[in-house]
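Here are the chains, one letter per residue:
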Amino acid sequence: MRVLKDDGTMYLMTATQYMPYLDIYVSERYHVLCRIVWTYDSSGVQ
């Protein structure tokens, strides 16, 4: 994150249980344009 340019893009992927904490951390330090959330059914199919 310290080497990200002002107009750079960062993609984060994490487990569901950690996303709220990571989202707060990033939102406090960066301007978040959008979030992409993938969901899966019980068989793991996207």
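Residues numbered from 1 in each chain as written. Predicted model: local features only at pLDDT ≥ 70, side-chain atom pairs only at ≥ 80, totals over all residues. Heavy atoms only, no water.

(A) Quick peek at the overall build of the chain. When helices and strands are counted, the chain shows one helix and zero strands. Taking the principal axes of the C-alpha coordinates as reference, the chain spans close to 40 × 20 × 15 Å. Carbon and sulfur atoms form 56% of the exposed surface of the chain, whose accessible area is close to 4,800 Å². Put simply, the chain has 4 plus and 5 minus side-chain charges, and the middle of one group is 9 Å from the middle of the other. (Helix = DSSP H or I, 4+ residues; strand = E, 2+ residues; numbered from the N terminus. Areas by Shrake-Rupley, 256 points an atom, 1.4 Å probe, with all protein chains shown as cover. Lys, Arg positive; Asp, Glu negative; His and termini not counted. Charge placed at Lys NZ, Arg CZ, Asp CG, Glu CD.)

(B) Structural detail: the pattern of salt bridges. Applying the stated rule across the entire model yields two salt bridges. Across the salt bridge formed by Asp23 and Arg35, the nearest N and O atoms sit 2.8 Å from each other. Here Asp23 is found in helix H1 (residues 19-29), whereas its partner Arg35 is found in the segment after H1, with 12 residues between them in sequence. The exposure class assigned to Asp23 is partly exposed, which follows from its relative accessible area of 24%. What makes Arg35 partly exposed here is its relative accessible area of 49%. A salt bridge links Glu28 to Arg29; the nearest nitrogen and oxygen atoms lie 3.6 Å apart. The exposure class assigned to Glu28 is exposed, which follows from its relative accessible area of 60%. (Salt bridge = Lys/Arg side-chain N within 4 Å of Asp/Glu carboxyl O. Buried < 20%, exposed > 50% of the residue type's maximum accessible area, 1.4 Å probe, protein only.)

(C) Representation of a nonpolar patch on the surface within the structure. A contiguous nonpolar surface patch, about 580 Å² in accessible area, is contributed by Met13, Ile36, Trp38 and Tyr40. In this fold, Tyr40 is placed in the segment after H1. Overall, the relative accessible area of 45% leaves Tyr40 in the partly exposed class. (Patch = residues over 30% accessible without salt bridge, like charges linked within 9 Å, V, L, I, M, F, W, Y side chains within 5 Å.)

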